[in-house]
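Structure at a glance
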Amino acid sequence: MTALLCTARQYSGHTHSDPADSLYLTYDDRFLRRKVLTCESGEQILIDLAQTTSLDHGGALILDDGREVEIRAAPEALLQVTAPDLTRIAWHIGNRHTPCQIEKDRLFIQVDHVIKDMLLKIGATVQEVHQPFTPEGGAYGHGRTHGHTH
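Residues numbered from 1 in each chain as written. Predicted model: local features only at pLDDT ≥ 70, side-chain atom pairs only at ≥ 80, totals over all residues. Heavy atoms only, no water.

Turning to the sheet that holds strand β4 (residues 44-54), a few remarks are in order. Read from one edge of the open sheet, 6 strands run β2-β6-β5-β1-β4-β3, paired in mixed fashion. The open sheet has two edge strands, β2 (21-25) and β3 (31-38), and neither has a second partner. The average angle at which neighbouring strand axes cross in this sheet is 30°, direction not considered. Bridging between β2 and strand β6 (residues 68-73) involves 5 bridges; their strand directions are parallel. The residue of β6 that forms the bridge with Tyr24 is Arg72. (Pairing = 2+ DSSP bridges. Helix = DSSP H or I, 4+ residues; strand = E, 2+ residues; numbered from the N terminus. Axes fitted to C-alpha atoms, helices over the stretch in contact; angles between N-to-C directions.)

What follows is the structure in structure tokens.
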């Protein structure tokens, strides 16, 4: 006989108390509806949300027993982008609807050799790095930059 998994049917953009556990997920893995995942403690939980949801770094899945599992951005392969005119480079990245983490002196995007080549051609410096990825959300407050449904 197999044990029943604890289930998360609710998501909150922030924790309400000290989380009972945490999940480290890449940017792509933080976009889901239904999946079994293994927490840092080793406990497996079933995520069963009503619709596909973008889980943000610092958000929380709320388990049926009331415990919260904090969502953490896992380190992943990224491109760090710098340039003398970073605003212009950011415009070109945004014009291609590429998720982008924006910091004062640098940008981070997912590894994409076509975008990397374009950035090098317009004067950016591009370096491969491995770190958590927390890009800006969409223009209408949604966690993803793709799609145009509101």
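The next subject is helix α1 (residues 86-95). Taken together, the buried positions of α1 are occupied by Leu86, Ile89, His92 and Ile93. Projection of α1 onto a plane perpendicular to its axis shows the buried side chains occupying an angular sector of 120°, all on one side. For α1, the exposed residues lying more than 90 degrees away from the buried face are Thr87 and Trp91. Packing partners of the buried residues in α1 comprise β7 (75-82), β8 (100-102), β9 (107-110) and α2 (113-121). (Buried < 20%, exposed > 50% of the residue type's maximum accessible area, 1.4 Å probe, protein only. Arc of directions from axis to C-beta. Contact = heavy atoms within 4.5 Å.)

Turning our attention to the pairing of β7. Taken together, the 8 bridges between β7 and strand β10 (residues 125-132) define a ladder with antiparallel strand orientation. Bridging across to β10, Ala77 finds its partner in His130.

This part covers the packing of aromatic side chains. Tallying each qualifying case throughout the model produces 1 aromatic pair. Each ring, one from Tyr27 and one from Phe133, has its centre 5.3 Å from the other, and the planes form 75°; the classification is edge-to-face. Of this pair, Tyr27 sits in the loop between β2 and β3 while Phe133 sits in the segment after β10, placing them 106 residues apart in sequence. Side by side, Tyr27 and Phe133 carry an identical accessibility label, which is buried. (Phe/Tyr/Trp six-rings, centres within 6.5 Å; stacked < 30°, edge-to-face > 60°.)

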